[in-house]
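# An overview of the molecular structure
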Amino acid sequence: MSANDEFKEYGHLTVTLALQLAAPHTWVAAILPVLIATCCASVTSTSPLSVVMVCVLLVICILMQSAVNTFNDYFDYVSGSDSADDNVEITDATLVYNNINPKSALALAIAFLVAAFTLGLYVIYCAGWIPLALGLIGACVVVLYSAGKTPISYLPIGELVSGFVMGGLIPLACYQALTGELNWFMLLWALPTIFSVGLVMLTNNTCDIEKDVESGRHTLSVFLKREKARKLYHGILLVWIVTIVVLVGLFFTEGLIVIPFMLLASYPLLKALISNPLAPKSRVGAMAQICSVNIALGSFYAAAILASSACTLLM
């Protein structure tokens, strides 16, 4: 952001533009971890779950994801690493294509975090300090992922950190809030969501290798180069699917009846994603494809967990 921007006249940050900054198409990374935690809690808990608590947790996680997206847009814009030549949709680069004061975007990101923690007071009141501790870790990662001299998103650990926090710690915190029990098995059951969130990041970073090299980012994809990054990407896709099958087979055995449907439904989506070169010009398509695969695999995994409970009741 140049010095002239300090005196530039900006337009208003409308509700539509604020929603673009929140990037609803990425909310699958927030919704699925809550869904999986809720399904696991409903199967393993002897007490009925609170619908209000589920809804509050869902809104909190969406607000946290919206904060991540808005912080990313803000810091990428002020650092100059975002431009109209990066093969992104207009709605994915709101600050680039719209005359918005970047400070308004920063304030919006902070507002998302404040709103999440305000709702979190209800969770803390009901479930104690454990969700607070895990939520603070998540909030720190949200800020450090994009901010600072060396943001996490600039390092080869970006996928691992985002996957573990969004896909692992969030389900753990949600399970504890819903059941009152800190069950470390939830981290194991959340392995598919850890892979899913990490792959969203890896998709973006592999498509952005050239841009990230110019920006001085040292992401995992930059380190591996595109050919090796795609091989790793395909390997993680396979491990993701195998992990779902193994977890269902070991812990939610009756839910194996859902697995054939999952494989058949996700096959065309996976085939298209594997064929994607993960290059700059195919970035928009790749992001849409990985989100579709997330929805398919995540939904069927949740269905398999619930099916295990239903089959047990019928027996």
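Notes on the structure in this doc start here. Since this is a predicted model, take the numbers as computed values, not measurements. Residue positions are counted from 1 within each chain, in the order its sequence is given. Residue-level local features of this predicted model are given only where pLDDT is at least 70; pairs of side-chain atoms are given and counted only at 80 or more, and the full residue set underlies all totals for whole chains, interfaces and linings. Side-chain calculation: all heavy atoms of the structure are included, whereas hydrogens and water are not.

This next bit is on the layout of surface pockets. Sizing a probe to match a water molecule and rolling it over the atoms shows the empty space that remains. Cavities and pockets were defined on a 1 Å grid built over protein atoms only: a cavity is a set of grid points that admits a 1.4 Å probe from which the probe cannot escape, a pocket is an open set flanked by protein on both sides within 12 Å along at least five of seven lines, and lining residues are those with an atom within 4 Å of any such point. Grid points are joined across faces, edges and corners, and a volume is the space filled by probe spheres set on the points. Roughly 170 Å³ of volume is contained in the largest pocket. Forming the walls of the largest pocket are Pro156, Glu159, Leu160, Gly163, Ile194, Phe195, Gly198, Leu199, Leu202, Leu220 and Ile236. Elements represented by at least two residues in the lining of the largest pocket include exactly α7 (158-179), α9 (191-207) and α11 (220-251). Every helix listed is a DSSP run of H or I at least four residues long, and every strand listed is a run of E at least two residues long, numbered separately from the N terminus. If one sorts the elements of the lining of the largest pocket by residue count, α9 sits on top with 5 residues.

Between side chains of opposite charge, a pair can form when the charged atoms approach closely. Any carboxyl oxygen of Asp or Glu that lies within 4 Å of a side-chain nitrogen of Lys or Arg is treated as forming a salt bridge with it. This structure, assessed with the given rule, holds 4 salt bridges. With its nearest N and O atoms 3.3 Å apart, the salt bridge here joins Arg283 to Asp208. One end of the pair, Arg283, is in helix α13 (residues 283-314); the other, Asp208, is in the loop between α9 and α10 (209-215), with 75 residues separating them in the sequence. Burial classes follow relative accessibility: with a 1.4 Å probe on protein chains only, a residue under 20% of its type's maximum area counts as buried, one over 50% as exposed, and anything between as partly exposed. With relative accessibility at 11%, the residue Arg283 sits in the buried group. Of the charged contacts in the structure, one is a salt bridge between Glu227 and Lys231, with a shortest N-O distance of 3.8 Å. Linking Glu227 with Lys231, this pair stays in helix α11, spanning 4 residues, or about one helical turn. Under the relative-accessibility criterion, Glu227 is labelled exposed at 59%.

Another point: the environment of Trp240. You can see Trp240 is positioned in helix α11. Since its relative accessible area comes to 2%, Trp240 is described here as buried. In this structure, the C-alpha to C-alpha distance between Trp240 and Ala272, residues 32 residues apart in sequence, is 16 Å. The residues touching Trp240, leaving out its near neighbours within four places in the chain, are Pro192, Phe195, Ser196, Leu199, Ile290, Val293, Asn294 and Leu297. Two N or O atoms count as a polar contact when they lie within 3.5 Å, although within protein this holds only if one can serve as hydrogen donor and the other as acceptor, and sequence-adjacent residues are included solely when both atoms are side-chain atoms. Among the polar contacts listed, one links the side chain of Trp240 to the backbone oxygen of Pro192, at a separation of 3.2 Å. By definition in these notes, contact holds between two residues if any of their heavy atoms fall within 4.5 Å.

Before going further, it helps to examine a nonpolar patch on the surface. Taken together, the side chains of Phe185, Leu188, Leu238, Val242, Val246, Leu250 and Phe251 make up a nonpolar region of the molecular surface, amounting to roughly 620 Å² of accessible area. Residue position: Leu188 is located in helix α8 (residues 185-189). Each patch is built from residues that are more than 30% exposed by relative accessible area and take part in no salt bridge. Like charges join if they lie within 9 Å; nonpolar side chains (Val, Leu, Ile, Met, Phe, Trp, Tyr) join within 5 Å. All accessible areas in this document rest on Shrake-Rupley with a 1.4 Å probe, and a residue is counted as covered only by the protein chains that are shown.

Next up on the list: the nonpolar core. By convention a nonpolar core is built from buried Ala, Val, Leu, Ile, Met, Phe, Trp, Tyr and Cys residues, the set being connected through side-chain atoms within 4.5 Å. By size, the foremost hydrophobic cluster in this structure holds 85 residues, and its most contacted members are Cys40, Leu57, Met186, Tyr233, Trp240, Ile244 and Tyr301. Top contributing element to this core by residue count: helix α3 (residues 51-79), with 12 residues. The residues contacting Met186, other than those within four sequence positions of it, are Ile36, Ala37, Cys40, Pro171, Leu172 and Tyr175.

Across all of its chains, the model carries 2 cavities of 30 Å³ or more by this definition. In this structure, the second largest cavity occupies an estimated 50 Å³ of space. Lining the second largest cavity, in full, are Leu32, Ile36, Pro192, Thr193, Ser196, Trp240, Ile244, Asn294, Leu297, Gly298 and Tyr301. For the lining of the second largest cavity, the elements supplying multiple residues, two or more each, are α2 (28-44), α9, α11 and α13. Amino acids outside the nonpolar list (Ala, Val, Leu, Ile, Met, Phe, Trp, Tyr, Cys, Pro) and the charged list (Asp, Glu, Lys, Arg) are all regarded as polar, and Gly is one of them. Here the residues of the lining of the second largest cavity sort into 7 nonpolar, 4 polar and no charged.

A pair of Phe, Tyr and Trp rings is counted when the ring centres sit within 6.5 Å of each other, with Trp represented by its six-membered ring. The angle between the planes then sorts it: under 30 degrees is stacked, over 60 is edge-to-face, the rest tilted. Inspection of the entire model under this criterion finds 8 aromatic pairs. An aromatic cluster is present here, built from Tyr175, Phe185, Trp189, Phe251 and Phe252 joined pairwise through their rings.

Orientation is described by axes fitted as lines to C-alpha atoms, over the contacting stretch for helices, and by angles from 0 to 180 degrees between their N-to-C directions. Contact pair α9 / α11: the axes reach a minimum separation of 9 Å and the direction vectors enclose 160°. Judged on the interaxial angle alone, α11 and α9 are roughly antiparallel. At the point where α9 passes α11, the crossing takes the left-handed sense. Seen from α9, the contacting residues are Leu191, Pro192, Phe195, Ser196, Leu199, Leu202, Thr203, Asn205, Thr206 and Cys207; seen from α11, they are Leu220, Ser221, Arg226, Ala229, Tyr233, Ile236, Leu237, Val239, Trp240, Thr243, Ile244 and Leu247. Here is the rule for angles: anything less than 35 degrees is roughly parallel, anything more than 145 is roughly antiparallel, 65 through 115 is roughly perpendicular, and the remaining ranges are oblique. Definitions for this section: a left-handed crossing has its near helix turned counterclockwise from the far helix by less than a right angle. A right-handed crossing has that turn clockwise.

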